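# Descriptive structure summary
Chain by chain, the residues run as shown.
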Amino acid sequence: MPKLSTVAVVAGTALLVRRAMRRRIRTSPLWPMPALEEPISGRPRSRALRVLVAAREEVAEGVVQLRLEGHDLPRWEPGAHLDLVLPSGLVRQYSLCGDPEDASSYTVATRLVPDGRGGSREVHEQVREGMELEVRGPRNRFPLVEAASYVFVAGGIGITPVLPMLRALPDGVEWRLLYCGRDRASMPFLEEVEKLGADRVTVVEGVPDLDALLADVPEGAAVYCCGPEGLMAAVQERFPRVLLERFTPRTSTGGAFEVELRRSGRTLTVPADSTVLAAVRAELPNTAYSCEQGFCGTCQQRVLAGEVDHRDELLTDAERGDSMLICVSRARGDRLVLDM
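Residues numbered from 1 in each chain as written. Predicted model: local features only at pLDDT ≥ 70, side-chain atom pairs only at ≥ 80, totals over all residues. Heavy atoms only, no water.

## Some thoughts on the overall build of the chain
Short version of the rule: Strands here are runs of E lasting at least two residues and helices are runs of H or I lasting at least four, both read from the DSSP assignment and numbered beginning at the N terminus. Note on definitions: a residue-residue contact is assigned when non-hydrogen atoms from the two residues lie within 4.5 Å. Note on areas: these come from Shrake-Rupley sampling with a 1.4 Å probe, and a residue is covered only by the protein chains present in the view.
Within the chain, the regular secondary structure consists of eight helices and 18 strands. Counting contacts in the chain only where the partners sit at least 6 residues apart, residues at least 24 apart contribute 68% of the total. Surface exposure of the chain reaches about 15,400 Å², of which carbon and sulfur atoms provide 47%.

So, in structure tokens, the structure goes:
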């Protein structure tokens, strides 16, 4: 998950290095760190911006990079992602992989997923230079924390959120990267990553031997992982406090349950293989929604009663106390009551 070149922040005293770390890196508790359940406070959810697709480039087999230009774009920190509103109205999330100091453009990259839900195909087949698109955010649930050292594990397109992190690390900070993919042709930004140095970067084609490659992670290291779900699960099994970035929703299936819509005076059944959103929209078709993946917050609803099985990637712990994203989250019991 590297983000090519390391930013040289200071040369000289430890004081200057420390100041650079405070400026670019979010502080954290002592290791082992909490699982970062909360995003950066004050995140924008619905602010829409118009941007121009200034450049479109294939940076690896099946991977397209977009440079999106605008004026006075909101600043972001390494690990942040952007909501991209596609021409069809679909909303998809992509890691920002450019320069956080550039207020005139955002850079994102996406891999084509032929059997996916249509977003990546639309980017690859319909988004062209000169088009205007709407974006929302940025938001960050994957911030770079301060630590004694860093270990990054990236699988394929999972390299994108890590690249700005590596650029932000001051000289002298210890880090290493395990970057794996199906083959070299499919791995974006590989040339830039390899220039970081063989002593820090390990590139693996195929399935990595995590036990061997991560056998000597130093105590106090912050471990980051982004990539296919199988890779993230394997890393988390070995490092329970790993910081993960997901762009596919957790499964929204489970046991059937009832949902009472208090203001509408209706009670619905949510089947085991469906979602609260689908059940609600069958009765209230104007219910707002967007990403259907638990990322954007459009479908957030107030919960009046019942215990929620939260499966989103957005709400803070405080927000989860009385609300849910009905596109992915479910009931822990047999009934929920919503303020709808």
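## Focus on the packing of aromatic side chains
Note the cut-off: Aromatic rings from Phe, Tyr and Trp, taking only the six-membered ring of Trp, are treated as a pair when their centres fall within 6.5 Å; an angle between ring planes under 30 degrees marks them as stacked, one over 60 as edge-to-face, and anything in between as tilted. Note on exposure labels: buried denotes an accessible area under 20% of the residue type's maximum, exposed denotes more than 50%, and partly exposed covers the range between, all computed with a 1.4 Å probe on protein chains only.
Under the criterion given, the structure shown has three aromatic pairs. Centroid distance F142 to Y224: 5.3 Å. Interplanar angle 75°. Geometry classified as edge-to-face. Of this pair, F142 sits in the loop between strand 6 (132–139) and strand 7 (149–155) while Y224 sits in strand 10 (residues 221–226), and the two are 82 residues apart along the sequence. Accessibility classification places F142 together with Y224 in one group, the buried group.

## Here's the deal with the pattern of salt bridges
To be explicit about the condition: Note on definitions: salt bridges are taken to be side-chain nitrogens of Lys or Arg within 4 Å of carboxyl oxygens of Asp or Glu.
Counted according to the given criterion, the structure contains 23 salt bridges. One salt bridge in this structure joins E192 and R167, with 3.2 Å as the shortest N-O distance. With E192 in helix 4 (residues 190–194) and R167 in helix 3 (residues 163–168), this pair connects stretches of sequence that are 25 residues apart. The exposure class assigned to E192 is partly exposed, which follows from its relative accessible area of 26%. A salt bridge links D309 to R311; the shortest N-O distance between them is 2.8 Å. Given a relative accessible area of 14%, R311 falls into the buried group. One network of salt bridges, in which partners are shared, links E258, E260, R262 and R335.

## Let's talk about the environment of V328
Of note, V328 is situated in the loop between strand 16 (323–325) and strand 17 (330–331). We classify V328 as buried; its relative accessible area is 1%. When the C-alpha positions of V328 and C299 are compared, they lie 9.8 Å apart, and in sequence the two are 29 residues distant.

## Examining the nonpolar core
How we decide: Throughout, nonpolar core names a set of buried Ala, Val, Leu, Ile, Met, Phe, Trp, Tyr and Cys residues whose side chains join them through atoms within 4.5 Å.
Core analysis: the largest hydrophobic core is formed by 31 residues, its most contacted members being Y150, F152, W175, L177 and Y224. Only strand 7, helix 3, strand 8 (174–181), helix 4 and strand 10 provide two or more residues apiece to this core. Tallying contributions element by element places helix 3 first for this core, with four residues. Core analysis: the second largest hydrophobic core is formed by 24 residues, L314, M324, L325 and C327 among them.

## Observations concerning the sheet that holds strand 10
The criterion, for reference: Whether two strands pair depends on DSSP finding at least two bridges between them. Axis definition: a line fit to C-alpha positions, over the contact stretch in the case of helices; interaxial angles, taken between N-to-C directions, run 0 to 180 degrees.
On the basis of which strands lie adjacent, the open sheet formed by five strands has the order 9-8-7-10-11 and parallel pairing. Looking at strand neighbours, the two that pair on one side only are strand 9 (201–205) and strand 11 (243–245), the edges of this open sheet. Sheet twist, expressed as the average angle between the axes of neighbouring strands with direction ignored, equals 15°. One ladder, built from six bridges, connects strand 7 with strand 10; its direction is parallel. For A154, the partnering residue across the bridge sits in strand 10 and is C226. Packed onto the sheet, helix 6 (residues 229–238) meets strand 7, strand 8, strand 10 and strand 11 and runs at close to 160° relative to strand 10.

## A word on the confidence of the model for the chain
The criterion, for reference: The predictor attaches a confidence to each residue, and that confidence, scored 0 to 100, is pLDDT.
For the chain, the mean per-residue pLDDT works out to 85, and 84% of the residues sit at or above 70. This stretch, residues 1–46, has a pLDDT under 50; its non-local contacts, to residues over four places away or in other chains, come to 136 contacts.

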